[in-house]
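Here is what each chain is made of, one letter per residue.
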Amino acid sequence: MSEKKVVIPQGMEPSYERLHFAPAVVAGEWLFCSGVIGTRSDMTLATDPAEQFTKAFENLELVLNAGGSSLAEVVEMTTFHVGFNEHIASFMAVKDRFMKPPYPAWTAIGVSELAFGALVEIKVVARIGK
């Protein structure tokens, strides 16, 4: 098995140093991304759900790009939602601005709580450098 390489985009170093998890890990031709939420650079969350969902996808793009991949290379996506039924239509509208055909496999899970009070957390697996 090839060695794994930790991916830490600029600005996400505190996650690795203080919370002891990698934003992503490269293993062979695959990038495994930890769940990302829609925090701004000052670590606050928008109160507007669509704005928070948009920021989550933008943060995901940062991680993917730092790992040599992109949203187009995502093969599997798992999303965790607080207020699933209340916010899923808004989330799907935002998701469709970022995720284009061919769509990845997707599992959406309703949960009672996420870190920092986030409404969504997005975790993906993507191919590198295609």
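What this report covers is the structure whose coordinates are included nearby. Keep in mind it's a predicted model, so treat the numbers as computed, not measured.

Things to note about the environment of Glu 58
Line of reasoning, step 1. Looking at the element boundaries, Glu 58 is found in helix 2 (residues 49–66).
Line of reasoning, step 2. Owing to a relative accessible area of 33%, Glu 58 belongs among the partly exposed residues under this scheme.
Line of reasoning, step 3. Distance from Glu 58 to Arg 40, taken between C-alpha atoms, is 9.8 Å for residues 18 residues apart in sequence.

As for the pattern of salt bridges
Line of reasoning, step 1. Using the criterion set out here, one finds four salt bridges in the structure.
Line of reasoning, step 2. Two residues, Arg 127 and Glu 29, come together in a salt bridge whose shortest N-O distance is 2.2 Å. Placement of the pair is Arg 127 in strand 6 (residues 120–127) and Glu 29 in the loop between strand 2 (24–27) and strand 3 (30–36), with a sequence separation of 98 residues.
Line of reasoning, step 3. Where Asp 96 meets Lys 95, a salt bridge forms, and the shortest distance between an N and an O atom there is 3.0 Å.
Line of reasoning, step 4. Given a relative accessible area of 37%, Asp 96 falls into the partly exposed group.

Digging into the side chain of Thr 54
Line of reasoning, step 1. If you trace the backbone, Thr 54 turns up in helix 2.
Line of reasoning, step 2. Engagement of the side chain of Thr 54 in a polar contact is seen with the backbone oxygen of Ala 50, the distance being 2.8 Å.
Line of reasoning, step 3. For Thr 54, the contacting residues outside a window of four places in its chain are Val 94, Arg 97 and Phe 98.

Here's the deal with the nonpolar core
Line of reasoning, step 1. By size, the foremost hydrophobic cluster in this structure holds 31 residues, and its most contacted members are Cys 33, Phe 57, Leu 60, Leu 64, Val 74, Ile 122 and Val 124.
Line of reasoning, step 2. Where this core is concerned, the elements lending two or more residues are strand 2, strand 3, helix 2, strand 4 (74–82), helix 3 (84–98) and strand 6.
Line of reasoning, step 3. Among the elements that make up this core, the one with the highest residue count is helix 2 (six residues).
Line of reasoning, step 4. Leaving out residues up to four positions away in the same chain, Phe 57 has contacts with Met 77, Phe 91, Val 94, Lys 95, Phe 98, Met 99 and Ile 122.

Topic: the sheet that holds strand 5 (residues 105–111)
Pairing between the strands of a sheet is mediated by backbone hydrogen bonds and can be parallel or antiparallel.
Line of reasoning, step 1. The six strands lie next to each other as 1-2-3-6-4-5, forming an open sheet whose pairing is mixed. Here the strands that pair on one side only, and so sit at the sheet edges, are strand 1 (4–7) and strand 5. Averaged over all pairs of adjacent strands, the angle between strand axes in this sheet comes to 15°, irrespective of strand direction.
Line of reasoning, step 2. Pairing analysis gives four bridges linking strand 2 to strand 3, with the strands arranged antiparallel. Bridge pairing in strand 3 places Ala 27 opposite Trp 30.

Calculation criteria
- Residues numbered from 1 in each chain as written.
- Predicted model: local features only at pLDDT ≥ 70, side-chain atom pairs only at ≥ 80, totals over all residues.
- Heavy atoms only, no water.
- Helix = DSSP H or I, 4+ residues; strand = E, 2+ residues; numbered from the N terminus.
- Buried < 20%, exposed > 50% of the residue type's maximum accessible area, 1.4 Å probe, protein only.
- Salt bridge = Lys/Arg side-chain N within 4 Å of Asp/Glu carboxyl O.
- Polar contact = N/O pair within 3.5 Å; in protein donor to acceptor, adjacent residues only side chain to side chain.
- Contact = heavy atoms within 4.5 Å.
- Core = buried A, V, L, I, M, F, W, Y, C linked by side-chain atoms within 4.5 Å.
- Pairing = 2+ DSSP bridges.
- Axes fitted to C-alpha atoms, helices over the stretch in contact; angles between N-to-C directions.

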